[in-house]
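A closer look at the structure
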Amino acid sequence: MKQKLFFGIFLFIFLSLLCFPSLENGYKIISGEELLAKLSRKEKINLIDCRPEEEFSAGHIPGALNISIDSYAFGKETAIKAAMEKILNEAGKEIHFILVDLASGEEYMPKTKLEEIIKVLPEDRNEEIVFYCRRTDCTRSPMASRWAVALGYKNVFRYEGSWKDWTEKKYPVEK
């Protein structure tokens, strides 16, 4: 009896891992093959490239929109965040980067960047959104994916292979 129960639980877990997309921080991972298939079928996807504007302009996945997300890491002192924001505001500069607290891992998003992201995201929080950046170890698309989940989006994906994988596979590119 115990063997049958153990086998049933093992089979359920194995099939669950095999059949359902992996979840990481509330978003799913999508492969280049899956993304290409969705684009080929002309499925409605909100595809967002998180690389800097100059990289996006040089080439991107067809249909992608660009939100340039830069991240700089600061220590655990939140006063540093406030001081940096104050210095930039006094200099008349907009804040176009994300501060990350290395101790807690907490992300701090300036209001200007949040507004830019919201403009690009769909009104319907059930639509699919796919974020990607330059390479697999890039931090931009994971941050953007977590923010979309935090904003209440239900079908958030991150193309883990990113731009590097896409171009190495010689998939279509748009300029």
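Numbering of residues starts from 1 in each chain and follows the order in which that chain's sequence is written. Totals for whole chains, interfaces and linings use every residue, but because this is a predicted model, local features are given only for residues with pLDDT of at least 70 and side-chain atom pairs only at 80 or more, for both listing and counting. No hydrogens and no water enter the side-chain calculation; it runs on all heavy atoms of the structure.

**Digging into the environment of Phe 131**
- If you trace the backbone, Phe 131 turns up in strand E8 (residues 128–132).
- For the pair Phe 131 and Ile 29, spaced 102 residues apart in the sequence, the C-alpha separation amounts to 9.8 Å.
- By definition, residues are in contact when any of their heavy atoms lie within 4.5 Å. When residues no more than four places from it in sequence are discounted, the contact partners of Phe 131 are Ile 48, Cys 50, Leu 121, Ser 141, Ala 144, Ser 145, Ala 148, Val 156, Phe 157, Arg 158 and Tyr 159. To qualify as a helix, a DSSP run of H or I must reach at least 4 residues; to qualify as a strand, a run of E must reach at least 2; elements of each kind are numbered from the N terminus.

**Some remarks on the packing of aromatic side chains**
- Only Phe, Tyr and Trp rings are paired, with Trp represented by its six-membered ring, and only when their centres lie within 6.5 Å; those with planes under 30 degrees apart are stacked, over 60 edge-to-face, the remainder tilted. The final tally for this structure, using the stated rule, is two aromatic pairs.
- On the basis of an interplanar angle of 80 degrees and a centroid distance of 6.0 Å, the ring pair of Tyr 159 and Trp 166 is categorised as edge-to-face. Of the two residues, Tyr 159 and Trp 166, neither departs from the other in class, the shared state being buried.
- Relative to Tyr 171, the ring of Trp 166 lies with its centre 4.7 Å away and its plane at 75 degrees, an arrangement referred to as edge-to-face. Each residue is placed in one exposure class: buried if its accessible area under a 1.4 Å probe, protein chains only, is under 20% of its type's maximum, exposed if it is over 50%, and partly exposed if it falls in between.

**Things to note about the environment of Gly 26**
- By the secondary structure assignment, Gly 26 is in the loop between strand E1 (23–24) and strand E2 (27–30).
- Assessed through its relative accessible area of 43%, Gly 26 is described here as partly exposed.
- For the pair formed by Gly 26 and Trp 147, sequence separation is 121 residues and the distance between their alpha carbons is 9.9 Å.

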